[in-house]
Structures are given as C-alpha cells and as structure tokens.
Amino acid sequence: MKKACVILKLAVFGFVLFVCAYFFLLFPEETAKNVENGLVLCIKTVIPSLFPFMVLSAVFTSSIFCEKLSRMLGKATRLFFGLSPFCSTAVLISAIGGYPLGAFTARSLFEKGIISREDFKKLLLFAVLPSPSFSVGAVGSAMLGSKSAGALIYFSSLLSSLALGFCSKFIVPGNDTKQQIYMSDNNGYTISALISSALEKSGRAMLFICFSILFFSAVLAATDFFLPTETARMICAAILEVTCGCKRLSNRVSLPSIAGAVGWGGLCTHFQIVNEVELSGLHTSVFFAFRLLHGALSSLLCSALLKLFPVANETFAFAPSQQVSFSSGSSLAFSLCLIAMSILLLLGNNFVINSKKSIDKIT
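This report concerns the structure included in the present document. Bear in mind that the values here come from a model prediction, so they are computed numbers and not experimental data.

A few words on the overall build of the protein. Summing up its helical and strand segments, the protein has 18 helices and 0 strands in all. For the protein, buried positions account for 48% of its 363 residues. Expressed as a percentage of contacts within the protein between residues at least 6 apart in sequence, the contacts between residues at least 24 apart total 79%. When the accessible area of the protein is evaluated, it comes to approximately 17,500 Å², of which 70% is carbon and sulfur surface.

Glancing now at the pattern of salt bridges. Tallied over the full model, the rule gives 6 salt bridges. Among the ionic pairs, Arg107 bridges to Glu111, the shortest N-O distance being 2.9 Å. Taken together, the residues Arg107 and Glu111, both in helix α5 (residues 99-111) and 4 residues apart, mark about one turn of the helix. A relative accessible area of 52% means that Glu111 is categorised as exposed. A salt bridge links Arg248 to Asp224; the nearest nitrogen and oxygen atoms lie 2.7 Å apart.

A few words on a nonpolar patch on the surface. A cluster of nonpolar side chains, contributed by Phe18, Tyr22, Leu25, Leu26, Phe225 and Phe226, occupies part of the molecular surface with about 670 Å² of accessible area. If you list the elements that add at least two residues to the nonpolar patch, you get α1 (2-26) and α9 (191-226). Among the elements that make up the nonpolar patch, the one with the highest residue count is α1 (4 residues). Following the sequence through the fold, Phe226 ends up in helix α9. Given a relative accessible area of 43%, Phe226 falls into the partly exposed group.

For helix α11 (residues 242-249), the tally of buried residues reaches 6 of 8 residues, placing the bulk of the element in the interior. Listed as buried for α11 are Val242, Thr243, Cys244, Gly245, Cys246 and Leu249. For α11, the N-terminal capping position is held by Glu241, with its side-chain oxygen 3.2 Å away from the main-chain nitrogen of Thr243. Just downstream of α11, Asn251 is the residue with a positive phi angle, here 60°.

Attention now goes to the side chain of Ser94. Note that Ser94 resides in helix α4 (residues 88-97). Residue classification places Ser94 among the buried positions, given a relative accessible area of 2%. Within the structure, Ser94 has its side chain in polar contact with the backbone oxygen of Val91 (distance 2.7 Å). Leaving out residues up to four positions away in the same chain, Ser94 has contacts with Gly102, Ala127 and Leu129.

Orientation of α9 relative to helix α10 (residues 230-240), taken along the N-to-C sense of each, is 160°, at an axis distance of 10 Å. As far as their axial angle goes, α10 and α9 are roughly antiparallel. Of the two elements, α9 crosses α10, and the hand of that crossing is right-handed. Contacts between α9 and α10 involve Phe216, Val219, Leu220, Thr223 and Asp224 from the first element and Arg233, Cys236, Ala237 and Leu240 from the second. When the residues that make up the contact of α9 with α10 are grouped by side-chain class, the tally is 6 nonpolar, 1 polar and 2 charged.

With that settled, the discussion passes to the environment of Lys169. Within the fold, Lys169 resides in the loop between α8 (147-168) and α9. Taking the C-alpha atoms as reference points, Lys169 and Gly82, separated by 87 residues in sequence, lie 5.2 Å from one another. If we ignore the near neighbours within four places in the chain, the residues touching Lys169 are Leu79, Phe80, Phe81, Gly82 and Lys122.

On to the packing of aromatic side chains. Within a pair of aromatic rings, the relevant descriptors are the distance that separates the centres and the angle that separates the planes. Throughout the structure, instances matching the rule amount to 9 aromatic pairs. Seen in terms of ring centroids, Tyr99 and Phe134 are 6.0 Å apart; in terms of plane orientation they differ by 65°. Their pairing is edge-to-face. Of this pair, Tyr99 sits in helix α5 while Phe134 sits in helix α7 (residues 132-144), and the two are 35 residues apart along the sequence. Tyr99 sits in the buried class, given a relative accessible area of 7%. Exposure remark for Phe134: the relative accessible area of 7% places this residue in the buried category. A centroid spacing of 5.4 Å and a plane angle of 70° characterise the contact between Phe287 and Phe288, whose relative ring orientation is edge-to-face. Its relative accessible area of 2% is what places Phe287 among the buried residues.

Cut-offs used in this document
- Think of each chain on its own: its residues are numbered from 1, step by step along the sequence as written.
- With the structure being a predicted model, the display of local features is reserved for residues of pLDDT at least 70 and the display and counting of side-chain atom pairs for 80 or more, all residues being used for whole-chain, interface and lining totals.
- Computation of side-chain values: all heavy atoms of the structure, hydrogens and water removed.
- In DSSP terms, a helix is any run of H or I states spanning at least four residues, a strand is any run of E spanning at least two, and both are numbered starting from the N terminus.
- Buried, partly exposed and exposed residues are distinguished by accessible area as a fraction of the type maximum, computed with a 1.4 Å probe on protein chains only: under 20%, between the cut-offs, and over 50%, respectively.
- The criterion used for residue contact is that any of the two residues' heavy atoms lie within 4.5 Å.
- With residues, only the protein chains shown are counted as cover, and all accessible areas are computed by Shrake-Rupley using a 1.4 Å probe.
- Whenever Lys or Arg places a side-chain nitrogen within 4 Å of a carboxyl oxygen from Asp or Glu, that contact is recorded as a salt bridge.
- Within this analysis, patches are made of residues with over 30% relative accessible area and no salt bridge. Like charges are joined at 9 Å or less; nonpolar side chains (Val, Leu, Ile, Met, Phe, Trp, Tyr) at 5 Å or less.
- N or O atoms within 3.5 Å of each other form a polar contact, as long as, within protein, one can give a hydrogen and the other can take it, and as long as residues adjacent in sequence are counted only when both atoms are side-chain atoms.
- An axis is simply a line fitted to the C-alpha atoms; with a helix, the fit covers only the stretch in contact. Between two such axes, the angle follows the N-to-C directions and lies from 0 to 180 degrees.
- Any angle between 65 and 115 degrees counts as roughly perpendicular, while under 35 counts as roughly parallel, over 145 as roughly antiparallel, and the rest as oblique.
- By the definition used in this description, the sense in which the near helix is turned from the far one sets the handedness, with an anticlockwise turn below a right angle giving left-handed and a clockwise turn giving right-handed.
- Three categories are distinguished: nonpolar for Ala, Val, Leu, Ile, Met, Phe, Trp, Tyr, Cys and Pro, charged for Asp, Glu, Lys and Arg, and polar for the others, with Gly belonging to the last.
- Aromatic rings from Phe, Tyr and Trp, taking only the six-membered ring of Trp, are treated as a pair when their centres fall within 6.5 Å; an angle between ring planes under 30 degrees marks them as stacked, one over 60 as edge-to-face, and anything in between as tilted.

As structure tokens, this is what we get:
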C-alpha cells in the first residue's frame, strides 16, 4: 500500500512537470507575460510590504530588545501556547511582518539553541499569517479599495492564528526542560554592522520569495490555459499564489472568501518555508492541515466580524458584470469543507490528538 502511494505521488508529480514544461515550450509569450505580471506584483506589493519588516525583524532578533520583550511576554506565551518564553519573539514578528517571517525567526531561534525542536514545530503550525501591510495595504487598499475590509481580513487571520496556536499545545508535546538563557548575538558589533548583516540576510530571503512568486506566476499561465472556466482559474490562483489569487478574487467574490484565501496563504508561500518544516521534523500533512484550518477559520471569523463591523456595503462594492456568485452560505459550506479536509489529512497520518503513539510519530 505504501509503495503504491509513493508511485502515485511520483506519477502525479511527473504529470504536473510534463504539463508545465509542455506549456512553457509551446507558449513562451503567455509564460513571459505572466512572469512579467508576477514581477510587477513583487515590485509594487511584495517587496514594499515585506522587505522593511524583514530587515527590522533581523535586527530585532539580534538585539537586546528581543530578550527584554521575550521576558515581558514569556509568561503569557507559555500559558496560552505552551511555548518557551522566547518564542514570543517569533509570534510577534509573524503577526507584524507577515507569512515567511515567523517561520524564518523560529528557525533562527532554533538554530541558536534558544528554543527547542518541539517549540519550533508548534510555531510552524500557527505563526504563518499575513502582515498588516499586506492585508490592509495590498489587499484592502490596493485591490479592494477599502482599508477597513483589509483590516477585517487581517484580524480574521490573526484571531485564527491565535486559536490554532492555543490548539497546538495539545498536539505537539511541550518541552519541560529549562531553556537556555537568551543572549543577544550583537555583542561586540556596532549598530551599522548589525544593520548591514540584517540587510544581507533579508536580501537573500527576499530574492527567494520573489523568485518563488515568479515561478508560480509562470505555472498560473499554464493553469489558465488548461482550466475551462474563469471560476476555476480564480480558485486555482488562490490555491497557488496568494497575491495573484487575491488580485483575481477582488471585487468578484465575498469578503469572507478572500479572507479564507489570505488565511490559507497559497502554495507559493508554503514552499518558501518548506525548508523550515523539514528542519523541524514536522509532518507536511499536519502542516498543510493547519494551513487549511487557518483558511477556513479566517473565512468563518470574517463572516462573524462583518456582522459586528458591516463595512461591505460602504466600501466593498462588486461590479455586477464581474461578480462571481459566492453567497455567505456557500462561504460557510466552503469553510466546513476545508475543515473536513484538514481532519482527513490529520487522520490520514494516523494523527490523534490524545494519542501518545500519534504524537510520537510527529515528534
């Protein structure tokens, strides 16, 4: 059975590679056009919203302020998430800096020996969410024409992340051993040297992110060619790459549906942190299950927040000729389907929260 599953995965992977290569060779103009669109998105949206925070986070994690803040928030982090006090740095940066930064920060703390492998795994389950600048600035203001709508998307994703973080302490066992004392690694370095090092690290990470977006933009060109309907193309775009997906979904589907896409984050984002997932030892099926849960919860919470803060009628108007019919009821059904898929992924990995045997398989 296991051998058949491996063969099936290889067959699917080979087929996808063949289809993409076939399209890239036969339709170079369409491929180049989509890559150009991805480059524009990187220049106008991704780099401005991410790079400054990446530099600041790199400086922050190497400074004495990180140690001080970790001590201040340590008790709350341990109580609510079951994490080491020093994980508060990664949690905070993920909430402020956006998708890859929480995972990058968690890896940095783990490689320095500041947090345990178990803490690293837990952080990867929930510290992957959009930044305020991406949600409010890029999606809300630039794509939807509404900062209020972007704020609802962000808070939906943030609350979902906190809920999943709370659940994670029951999934990955905690580390009862005392963590080593956190000491910032900027001793003996000038501020200018610290900033220079942060710029170098952030620049490499930013290039990796942009190249990932460009590649998935080319893949989107192939999917656009083979998929028959506009609705299928939009859904595929949201699954593959969050920036392109949100751009296509904007003003065409309900706000909770867009919040679900933003909470999911896109395979492009997930591939940016797959090295961190492998380094931690976390099963990829568990990681993807939590990404699906994040998207479903974000959609549900956005629907609830819209009832408390009804910004849709004022600032989120659809163009009748472009609107795709996704009612609030269908958004709820879609969210429930995502939750069901997440449960199947977990059960498919023989994963049961209260089973010590299942926990041992993850760790």
